[in-house]
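This is what each chain is made of:
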Amino acid sequence: MQVKIEPSWYKVLEGEFDKDYFTKLTEFVRSQYQKSTVYPPPKFIFRAFELTPFDSVKVVILGQDPYHGAGQANGLAFAVEPGIRLPPSLQNIYKELKSDLGVDGNINEWAGQGVLLLNATLTVQANSPASHQNKGWEEFTDAVIKALSDQKEHLVFILWGAYAQKKGAVIDTTKHLVIKSAHPSPFSAYSGFFGSRPFSQCNAYLLRHGHKSITW
């Protein structure tokens, strides 16, 4: 099966695209777009991979599902397009960034610097959170994480919340930095996300290993 994904990622992941789970996933996603409103727009499903090629990845921030409200999901975990009201989790990410580094950032500018903003599930039905879970996306994104862990060195994985941390169990912590904290959601941000300083930790590690820091 030919999947339209950035070439370096296709080379790394091509073994996944002919597996039974991915064939079933493709059929499911196609049918969902045909009969209901699904986010993000089809052209943005693999946008995280387009903006952050495999060879460019330095940091991985792992989300769970795309936003399920109109106009929000843009293919990048936690991000929305310019002009869209910031969801609460993204507001809290920016608050922690300001506290950590004293800067006002733009999450949409991170992908071009090697920050893979990866959701575990890449599509969702409108107004129905988690509606495309357990359809195959998780197996695909597990393969993404494992490929990064196995084939690269000195990456930073930022895992916010229990879901991301469980998914990150395959990461080789002997050659990568894994930063864990509570999720930036308003329900948990005060339970360990605020004050966790992931951005400064990340940059310090990148610099120690000869990489350019991220302009958060």
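Whatever comes next refers back to the structure up there.
The sections below set out a description of the structure shown in this document. (Residues numbered from 1 in each chain as written. Predicted model: local features only at pLDDT ≥ 70, side-chain atom pairs only at ≥ 80, totals over all residues. Heavy atoms only, no water.)

The next subject is the overall build of the protein chain. Secondary structure assignment for the protein chain yields seven helices and six strands. Ordered by position from N to C terminus, the α and β elements of the protein chain give α-α-β-α-β-α-β-β-α-β-α-β-α. Compactness check: the protein chain gives a C-alpha radius of gyration of 17 Å against a globular reference of 17 Å for 216 residues, within 12% of the reference. With the principal axes as the frame, the protein chain shows a C-alpha extent of 45 × 35 × 25 Å. Per-residue burial for the protein chain yields a buried fraction of 54% across its 216 residues. Expressed as a percentage of contacts within the protein chain between residues at least 6 apart in sequence, the contacts between residues at least 24 apart total 66%. Entry remark: accessible area of the protein chain is about 10,200 Å², with carbon and sulfur atoms responsible for 51%. Each charge sign in the protein chain was given a centre, from 22 positive and 20 negative side chains, and these centres are 4 Å apart. (Helix = DSSP H or I, 4+ residues; strand = E, 2+ residues; numbered from the N terminus. Rg over C-alpha atoms; globule rule 2.2 N^0.38 Å. Buried < 20%, exposed > 50% of the residue type's maximum accessible area, 1.4 Å probe, protein only. Contact = heavy atoms within 4.5 Å. Areas by Shrake-Rupley, 256 points an atom, 1.4 Å probe, with all protein chains shown as cover. Lys, Arg positive; Asp, Glu negative; His and termini not counted. Charge placed at Lys NZ, Arg CZ, Asp CG, Glu CD.)

Next up on the list: the packing of aromatic side chains. Tallying each qualifying case throughout the model produces 20 aromatic pairs. Between Phe46 and Phe140, the ring centres sit 6.1 Å apart and the planes meet at 75°, which makes this aromatic pair edge-to-face. On the criterion of sequence distance, the pair formed by Phe46 in the loop between strand 1 (38–39) and helix 3 (47–51) and Phe140 in helix 5 (residues 137–151) is long-range, its members being 94 residues apart. For Phe140, a relative accessible area of 0% corresponds to the buried category. Here the aromatic rings of Trp137 and Phe140 are separated by 6.1 Å at their centres, their planes lie at 65°, and the arrangement is edge-to-face. Note that Trp137 and Phe140 are positioned in helix 5 at a spacing of three residues, about one turn of the helix. The cationic tip of Arg47 hangs over the ring face of Phe44; the distance from NZ or CZ to the ring centre is 4.4 Å. For the cation-ring pair, Lys152 lies above Phe54, with the distance from its terminal atom to the ring centre recorded as 5.0 Å. (Phe/Tyr/Trp six-rings, centres within 6.5 Å; stacked < 30°, edge-to-face > 60°. Lys NZ or Arg CZ within 6 Å of the ring centre and 35° of its normal.)

With that out of the way, let us pick up the packing of helix 2 (residues 20–35) against helix 5. Where helix 2 meets helix 5, the axes come as close as 9 Å, and the angle between the chain directions of the two elements is 125°. Looking at the two axes, helix 2 sits oblique to helix 5. Considering the relative orientation of helix 2 and helix 5, their crossing is left-handed. Seen from helix 2, the contacting residues are Tyr21, Phe22, Leu25 and Val29; seen from helix 5, they are Trp137, Glu139 and Phe140. By residue class, the composition of the contact of helix 2 with helix 5 is six nonpolar, no polar and one charged. (Axes fitted to C-alpha atoms, helices over the stretch in contact; angles between N-to-C directions. Parallel < 35°, antiparallel > 145°, perpendicular 65-115°, else oblique. Left-handed = near helix turned anticlockwise from the far one by under 90°. Nonpolar A, V, L, I, M, F, W, Y, C, P; charged D, E, K, R; others polar.)

In this section: the nonpolar core. Judged by nonpolar contacts, the single largest core of 66 residues is most densely connected at Phe140 and Trp216. Among the elements that make up this core, the one with the highest residue count is helix 5 (six residues). Ignoring anything within four residues of it in the chain, the contact list for Phe140 reads Ile5, Leu13, Glu16, Phe17, Tyr21, Phe22, Phe46, Phe49 and Leu122. (Core = buried A, V, L, I, M, F, W, Y, C linked by side-chain atoms within 4.5 Å.)

When its volume is computed, the largest pocket comes out at roughly 560 Å³. As for the largest pocket, its lining consists of 36 residues, and the residues nearest its centre are Gln64, Asp65, Pro66, Tyr67 and His183. Among the secondary structure elements, those contributing two or more residues to the lining of the largest pocket are strand 2 (59–63), helix 4 (88–101), strand 3 (115–119) and helix 6 (162–167). Broken down by class, the residue content of the lining of the largest pocket amounts to 23 nonpolar, twelve polar and one charged. (1 Å grid on protein atoms, 1.4 Å probe; cavity = no way out; pocket = protein on both sides within 12 Å on 5 of 7 lines; lining within 4 Å. Points joined across faces, edges and corners; volume = space filled by probe spheres on them.)

As for its position among the elements, Asp18 is in the loop between helix 1 (7–13) and helix 2. On the accessibility criterion, Asp18 (55% relative accessible area) is exposed. Note: C-alpha distance between Asp18 and Ala189 (171 residues apart in sequence) is 40 Å.

The next point concerns helix 2. Compared with an ideal rise of 1.5 Å per residue, which puts 16 residues at 22 Å, helix 2 spans 23 Å between its outermost C-alpha atoms and is within 8% of the ideal. Taken as a whole, helix 2 has its buried residues at Tyr21, Phe22, Leu25, Thr26, Phe28, Val29 and Gln32. (Expected span 1.5 Å × (residues − 1).)

That's the geometry; what it means functionally is another story.
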